[in-house]
Protein chains: 2
Amino acid sequence: MSDHIVKAYDEDLANLKTMLAQMGGLAEDHLAKAIEALARRDTKLADYVIAQDEKIDALELQLEERAILTIAKRQPMARDLREIMVAIRIASDLERIGDLAKNIAKRSHAISEALPRKLATGLTRMGRLSLEQLKDVLDAYTTTDDAKALEVWRNDGELDALYNSIFRELLTYMMEDPRMIGPCTHLLFGAKNFERIGDHATNIAENIHYLVSGQTMREERPKKDTTSTTTFDSLNER
Amino acid sequence: MSDHIVKAYDEDLANLKTMLAQMGGLAEDHLAKAIEALARRDTKLADYVIAQDEKIDALELQLEERAILTIAKRQPMARDLREIMVAIRIASDLERIGDLAKNIAKRSHAISEALPRKLATGLTRMGRLSLEQLKDVLDAYTTTDDAKALEVWRNDGELDALYNSIFRELLTYMMEDPRMIGPCTHLLFGAKNFERIGDHATNIAENIHYLVSGQTMREERPKKDTTSTTTFDSLNER
C-alpha cells in the first residue's frame, strides 16, 4: 500500500477499535448493573439496563458496516485483514453479551420475590465471575495479550462448574418446596445466561489468539457444563 | 467493474450462495432430526446430530473467510456489498441454529425418561413450528422473496405464544409432581431453544428484507415471549 493509503487504513482501523472499545465498555457496564439489580433487587436499575441495550445493537451494526467498507476500500491483506475480521466477530459476541445482560435484568423483576437470599447469592457469584471473564478478555484484546486470552479461555471451566452446582442446588430446592418452582426457574435461566456470557468471553479469547498467531486454538475447549445430559436420578431418589 | 472482474465477482458470489445453501440444508436436517430424536426418544439419532454439528461450524468459518476475501479483492459497492454482508449474517444465524439443534439433541437423552407423553408432544409441536419457520425463511432467501420473509417475521409471535403456554404448563406440572422437576427442566430449556431458533429465523427474515430494500425493518418485532417477567403468583396460589 502507498503511504497515503496506509495512513487512511490506520485511521479506519483505529476508528473500528474505538467503536469496539465503546461496545466493550457498554457490555461491561450493563452486565455489572444487571448483577447489581439482581443482588439488590433493584428494578429501576434493571429497567435502565433493558432500555440501554439498543445502544449496543446500534453500535454493532455501525461497526460491521464500517468494517466491511474498510475492507472494500483498502483491500488489506494477511494480519490487517485478520484484524478487521476479528473486530467483526468480537462485536457480535459483545452484542450477544448485551442481550444476555438485558435478559438477566428482565428476570431480576420476577426474582425479586420471596426467595431465600442464599440461592440468589450463588447466582450473583456466578455473575461476578462472568463479569471478571469479560473484563479480562477485553483487557487481553486492548493489550493484544495472547497469554491473558488463553488464561480466560482456561478459566471458563470454573464458570461451567459453578453453573452445574447451582443447577443441582436449584433443582433440589424446587423439589423440597414446590412453591418456589416459579422463581427458581428464573434463577435457572439466569444462571444459564451467565454461563453463556462465559462462552462468549471464551469466543473472544479464541479470536484474540487467532489474531496474534493466525492459528485457531488447537486444544479442546474446556466444556464442563454437563447439565444438559444430567438425568437427576440421584436427585429424584432423595 | 470491468467485464472480467464482474464475471469473477459473480462466480465468487455464486460460491458463497452455494455454501450458504449447504449450511441451510444441514441446519434444517439437524433440526428435523433433533425433533425426531425427541419425539421418538431415539438416542442414536440424537448422537448423530451432536456429532455432525461441527460441519456447520466449519462451513461458517469458511464462508466468512471467503466472503471477506471477496470483498477485499472485488471491492463491490451498494447492493453487491449488501449481498455479501447479508450472507455473513445469515451464516452466523444458521450456525447458532445448528448449536441449538445440538443442544436439543443433548437434552433428548435426559428427557427419554418416565415423562408423560403429553408434555413432550407440546414440545415437538413447538419444534415443528420452528422447523417450518426455518424452511420458509430459507425459501424466501433462495427466491429473494421479501413478502415471504415478512410472513416469517410476523409468524414468530405464534412460536412465542406457544412457548409461553408450554412454559406455564410445565411449571404447573412440576408443582403437582415434584419428582418430575428434573426432566421438566430439560423440557423447559428445550422449549427455550426452539424459541431461540424462531428468533434466528426472524433475524434471517430481517436480513432478506434489508437485502431487497436496503432498509431495516421499521415495525416493532412481534416479541411475545413474556415468561422472563412472569412472577407466577397465579400459579403459586393453586
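Throughout, residues of each chain are indexed from 1 in the direction in which the sequence is written. To label them, take the chains in the order written and letter them from A, then take the ligands in the order written and number them from 1. The predicted nature of this model means local features are confined to residues of pLDDT at least 70 and side-chain atom pairs, given and counted, to a pLDDT of 80 or more, with totals for whole chains, interfaces and linings taken over all residues. To obtain the side-chain values, all non-hydrogen atoms of the structure were used and water was disregarded.

### Regarding the overall build of chain A
Line of reasoning, step 1. Secondary structure elements are taken from DSSP: a helix is a run of H or I of four residues or more, a strand is a run of E of two residues or more, and numbering for both begins at the N terminus. Scanning chain A for helices and strands turns up 7 helices and 0 strands.
Line of reasoning, step 2. From first element to last, N terminus to C terminus, chain A shows the α and β order α-α-α-α-α-α-α.
Line of reasoning, step 3. A 1.4 Å probe rolled over the protein chains alone gives each residue an accessible area, and that area as a share of the maximum for its type sets the label: buried under 20%, exposed over 50%, partly exposed in between. Per-residue burial for chain A yields a buried fraction of 56% across its 238 residues.
Line of reasoning, step 4. Here, residues are in contact when the closest pair of their heavy atoms is within 4.5 Å. Look at the contacts in chain A between residues 6 or more apart in sequence, and 84% of them connect residues 24 or more apart.
Line of reasoning, step 5. Each accessible area is a Shrake-Rupley result for a 1.4 Å probe, and residues are judged covered by the shown protein chains and nothing else. Summing over all exposed atoms, chain A offers an accessible surface of approximately 10,000 Å²; the carbon and sulfur share of this is 49%.

### A few points about the interface of chain A and chain B
Line of reasoning, step 1. Each partner contributes to the interface: chain A provides 44 residues, whereas chain B provides 44 residues.
Line of reasoning, step 2. Counting the surface lost from both chain A and chain B, the interface buries some 3,800 Å², and carbon and sulfur atoms represent 64% of this.
Line of reasoning, step 3. Any Lys or Arg side-chain nitrogen located within 4 Å of an Asp or Glu carboxyl oxygen qualifies as a salt bridge. If you look at where chain A meets chain B, you find 2 salt bridges.
Line of reasoning, step 4. Between N or O atoms, a polar contact is any pair within 3.5 Å; within protein, one atom must be a potential hydrogen donor and the other a potential acceptor, and residues adjacent in sequence are included only when both atoms are from side chains. Inspection of the chain A/chain B interface yields 2 residue pairs in polar contact (both at pLDDT 80 or more). Put simply, buried area is the surface a 1.4 Å probe can reach on two separate parts but cannot reach once they are joined, added for both.

### With respect to the pattern of salt bridges
Two side chains bearing opposite charge may form a pair once their charged atoms approach each other closely.
All names here are of chain A.
Line of reasoning, step 1. Across all of its chains, the model carries 28 salt bridges over all chains by this definition.
Line of reasoning, step 2. With a closest N to O distance of 3.6 Å, Lys7 and Glu11 form a salt bridge. Here the residue Lys7 and the residue Glu11 both occupy positions in helix H1 (residues 3-40), the gap between them amounting to 4 residues, near one helical turn.
Line of reasoning, step 3. Its relative accessible area of 48% is what places Glu11 among the partly exposed residues.
Line of reasoning, step 4. Across the salt bridge formed by Arg40 and Glu36, the nearest N and O atoms sit 2.6 Å from each other.

### A look at the confidence of the model for chain A
Line of reasoning, step 1. For chain A, per-residue confidence averages 88 on the pLDDT scale, and 90% of positions sit at 70 or higher.
Line of reasoning, step 2. Low pLDDT (under 50) marks residues 232-238 of chain A, which in the prediction has 16 contacts with non-local residues, meaning those over four places away or in another chain. Every residue carries a pLDDT, the predictor's confidence in it, which falls somewhere between 0 and 100.

### Thoughts on the packing of helix H6 (residues 181-213) of chain A against helix H6 (residues 181-213) of chain B
Line of reasoning, step 1. Axis definition: a line fit to C-alpha positions, over the contact stretch in the case of helices; interaxial angles, taken between N-to-C directions, run 0 to 180 degrees. For the pair H6(A) and H6(B), the least separation of the axes is 12 Å and the interaxial angle reads 55°. On the basis of their axis angle, the class for H6(A) and H6(B) is oblique. You can see that H6(A) and H6(B) cross each other, and the crossing is right-handed. Contacts between H6(A) and H6(B) involve A:Ile181, A:Thr185, A:Leu188, A:Phe189 and A:Lys192 on the former and, on the latter, B:Ile181, B:Thr185, B:Leu188, B:Phe189 and B:Lys192.
Line of reasoning, step 2. Note on residue classes: Ala, Val, Leu, Ile, Met, Phe, Trp, Tyr, Cys and Pro are nonpolar, Asp, Glu, Lys and Arg are charged, and everything else, Gly too, is polar. Of the residues assigned to the contact of H6(A) with H6(B), the class counts are 6 nonpolar, 2 polar and 2 charged. To sort the angles, those under 35 degrees are grouped as roughly parallel, those over 145 as roughly antiparallel, those from 65 to 115 as roughly perpendicular, and the leftovers as oblique. Helix crossings get a hand from a simple test, with the near helix turned counterclockwise from the far one by less than a right angle marking a left-handed crossing and a clockwise turn marking a right-handed one.

### Brief notes about the nonpolar core
The nonpolar side chains of a soluble globular protein tend to be buried with one another.
Line of reasoning, step 1. Counting residues in hydrophobic clusters, the biggest one holds 153 residues, and the most contacted among them are A:Leu94, A:Phe194, B:Leu94 and B:Phe194.
Line of reasoning, step 2. If we skip the residues at most four places from it in the chain, B:Phe194 touches B:Leu31, B:Ile35, B:Leu38, B:Ile104, B:Leu123, B:Met126, B:Gly127, B:Ser130 and B:Leu159. The criterion is simple. A nonpolar core is a set of buried Ala, Val, Leu, Ile, Met, Phe, Trp, Tyr and Cys residues joined through side-chain atoms within 4.5 Å.

### Looking at the relation of the copies chain A and chain B
Line of reasoning, step 1. A least-squares superposition brings the copies together, and it is based on the C-alpha atoms of residues with pLDDT no lower than 70 in both. When chain A is fitted onto chain B, the two copies agree to an RMSD of 0.0 Å after a turn of 180° and an axial shift of 0.0 Å. Taken together, the rotation angle and the small translation identify this as a two-fold axis. The position closest to the rotation axis in chain A is occupied by the C-alpha of A:Ala72, lying 2.6 Å away.
Line of reasoning, step 2. Both copies present the same face, since 100% of the interface residues in chain A are matched by interface residues at the equivalent positions in chain B.

### Description of helix H3 (residues 78-111) of chain B
Line of reasoning, step 1. Helices are assigned an expected span. That span is 1.5 Å times one less than the residue count. Relative to the 50 Å expected for 34 residues at 1.5 Å per residue, H3(B) spans 49 Å between its end C-alpha atoms, a close match to the ideal helical length.
Line of reasoning, step 2. Burial within H3(B) is extensive, with 25 of its 34 residues counted as buried.

### Structural notes on the packing of aromatic side chains
Line of reasoning, step 1. Under the pairing criterion, centres of Phe, Tyr and Trp rings, with the six-membered ring standing for Trp, must be within 6.5 Å; the plane angle then separates stacked pairs below 30 degrees from edge-to-face pairs above 60, leaving the rest tilted. What the rule picks out here adds up to 5 aromatic pairs over all chains.
Line of reasoning, step 2. Ring centres of A:Phe189 and B:Phe189 lie 4.8 Å apart, and the angle between their planes is 45°; on these two criteria the pair is classed as tilted. Highlighted residues: A:Phe189 in helix H6 and B:Phe189 in helix H6, drawn from two different chains. This pair shows no difference in class: A:Phe189 is buried, exactly as B:Phe189 is.
Line of reasoning, step 3. As a reminder, the over-ring test applies to NZ of lysine and CZ of arginine, requiring each to be within 6 Å of the ring centre and within 35 degrees of the ring normal. The ring of A:Tyr210 is capped by A:Arg82, whose NZ or CZ atom sits 5.8 Å from the centre of that ring.

### Thoughts on helix H5 (residues 146-176) of chain B
Line of reasoning, step 1. The terminal C-alpha atoms of H5(B) lie 46 Å apart, and with 31 residues this matches the ideal 45 Å at 1.5 Å per residue to within 8%.
Line of reasoning, step 2. Measuring from the backbone nitrogen of B:Ala147 back to the side-chain oxygen at the start of H5(B) gives 3.2 Å, which picks out B:Asp145 as the cap.

### Some points on the environment of A:Asp42
All names here are of chain A.
Line of reasoning, step 1. With respect to the element layout, Asp42 can be found in the loop between H1 and helix H2 (43-74).
Line of reasoning, step 2. The spatial distance from the C-alpha of Asp42 to the C-alpha of His109 is 8.2 Å, given a sequence separation of 67 residues.
Line of reasoning, step 3. At 3.1 Å, the side chain of Asp42 forms a polar contact with the backbone nitrogen of Lys44.

### Quick word on unusual backbone geometry
Line of reasoning, step 1. Notably, A:Thr144 is not glycine yet its phi reads approximately 45°, a positive angle.
Line of reasoning, step 2. Mapped onto the elements, A:Thr144 comes out in the loop between helix H4 (117-142) and helix H5 (146-176).
Line of reasoning, step 3. By relative accessible area, which is 34% here, A:Thr144 ends up partly exposed.
Line of reasoning, step 4. Positive phi, close to 50°, is recorded for B:Arg41, a residue that is not glycine.
Line of reasoning, step 5. Here B:Arg41 is to be found in the loop between helix H1 (3-40) and helix H2 (43-74).

### What about the packing of helix H3 (residues 78-111) of chain A against H6(A)?
All names here are of chain A.
Line of reasoning, step 1. Remark: H3 packs on H6, axes separated minimally by 9 Å, with the N-to-C direction vectors making an angle of 170°. In terms of their interaxial angle, H3 and H6 are classed as roughly antiparallel.
Line of reasoning, step 2. Partitioning the contact of H3 with H6 into residue classes produces 19 nonpolar, 8 polar and 8 charged.

### Examining the environment of B:Leu115
All names here are of chain B.
Line of reasoning, step 1. Looking at the secondary structure, you find Leu115 in the loop between H3 and helix H4 (117-142).
Line of reasoning, step 2. Take Leu115: its relative accessible area is 6%, and that puts it in the buried class.
Line of reasoning, step 3. Separated by 68 residues in sequence, Leu115 and Pro183 place their C-alpha atoms 7.2 Å apart.
Line of reasoning, step 4. Aside from chain neighbours lying at most four places away, what touches Leu115 is Arg41, Met180, Pro183, Cys184 and Leu187.

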